[in-house]
Amino acid sequence: MKHIEEQAKELWNKTFGDSREYIDKFFNLYFKEGNFFHLEENGKLLSMLFATHHRLKIDDKIVPIAYIGSVCTQKSHRNQGLANLLMQKAESELSNLGKKAVILIAAHEGLVPFYEKMGYKLCGIEGIKKISYNNNPNYLSEYKIEKTKNFNFDLINKVQQTRNNCIIHSTTTLQLYTQTDYDIISLYKNNEILAQCVAITDWDTIEVLDCFCLKKETAEIVAKKISEEFKKDVNFKYFPDSLSAIPSTIEMIKPLKNIELPNEIFMSLNLDT
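Residues numbered from 1 in each chain as written. Predicted model: local features only at pLDDT ≥ 70, side-chain atom pairs only at ≥ 80, totals over all residues. Heavy atoms only, no water.

> Could you clarify how one ought to interpret the environment of Tyr-133 in this entry?
Positionally, Tyr-133 belongs in the loop between β5 (121-131) and β6 (143-148). For Tyr-133, a relative accessible area of 30% corresponds to the partly exposed category. It is 45 Å that separates the C-alpha atoms of Tyr-133 and Glu-91, two residues lying 42 residues apart in sequence. With residues near it in sequence (within four places) discarded, Tyr-133 still touches Ser-227, Glu-228, Lys-231, Lys-232 and Asp-233. (Helix = DSSP H or I, 4+ residues; strand = E, 2+ residues; numbered from the N terminus. Buried < 20%, exposed > 50% of the residue type's maximum accessible area, 1.4 Å probe, protein only. Contact = heavy atoms within 4.5 Å.)

> How do you make sense of the packing of helix α1 (residues 4-16) against helix α2 (residues 20-30) when you look at a structure like this?
Packed helix pairs are specified by the crossing angle of their axes together with the interaxial distance, meaning the distance between the axes. At a minimum axis distance of 10 Å, the contact between α1 and α2 shows a crossing angle of 130°. Classified by the angle between their axes, α1 and α2 sit oblique to one another. Considering only the axes of α1 and α2, their crossing is right-handed. Mapping the contact onto sequence places Glu-5, Glu-6, Ala-8, Lys-9, Trp-12 and Asn-13 in α1 and Arg-20, Tyr-22, Ile-23, Asp-24, Phe-26 and Phe-27 in α2. Tallied by class, residues from the contact of α1 with α2 come to 6 nonpolar, 1 polar and 5 charged. (Axes fitted to C-alpha atoms, helices over the stretch in contact; angles between N-to-C directions. Parallel < 35°, antiparallel > 145°, perpendicular 65-115°, else oblique. Left-handed = near helix turned anticlockwise from the far one by under 90°. Nonpolar A, V, L, I, M, F, W, Y, C, P; charged D, E, K, R; others polar.)

What follows is the structure, encoded as structure tokens:
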């Protein structure tokens, strides 16, 4: 029987379709006790998930939490409650590790009732806004962008220190971006760095993922400047004014200990709260 790690990589590939190169890099960072949780039977992997460790800034308090993701079960064992059982096991162990809450992103709206039954509540919704190429204003000439493979942690830490109700990203959780084919793009004005974002620029429509900036309007400026530079349409995340907007990301949280949580929590840092 293959080692659990190799089985886990195969299950990941079959479930999510990521390349083996990406999977290997992810596992190099996170396949270890406290991050990887699984159920097995006679050496056969049945279900698995990963938990990454974060801190949550709530006003002037910082509390340890975990993000649960990559939940998947072998096709032959689905609809048997294994994912539910595994999540309860992970939550218990994470609580023992001192985590105050766990957060996750629902894959689609249909899963929200399932997670609500498990004690999760909605805490953040992001939508997708499209920037069309050839529709960019003249003021963009004041800005310039630059590709890099490194994060400016002075900027990121400043963003995280000034925001409330947000996940604090560590160097470890951002490391995966620097090891893969994502582009890290910096925005400058008068030689001052205003933002950094993670983007996929080789797609027909560019995807802007996390964008680290202090002002709400800066995220859209980055997207417009990328559109102008690469001569492509751009999709980027934004926070809708109402929960009825069509979401791209549905964030949910569950307390593990007696803690008062805010109604809105943001995983990514692309807008000021």
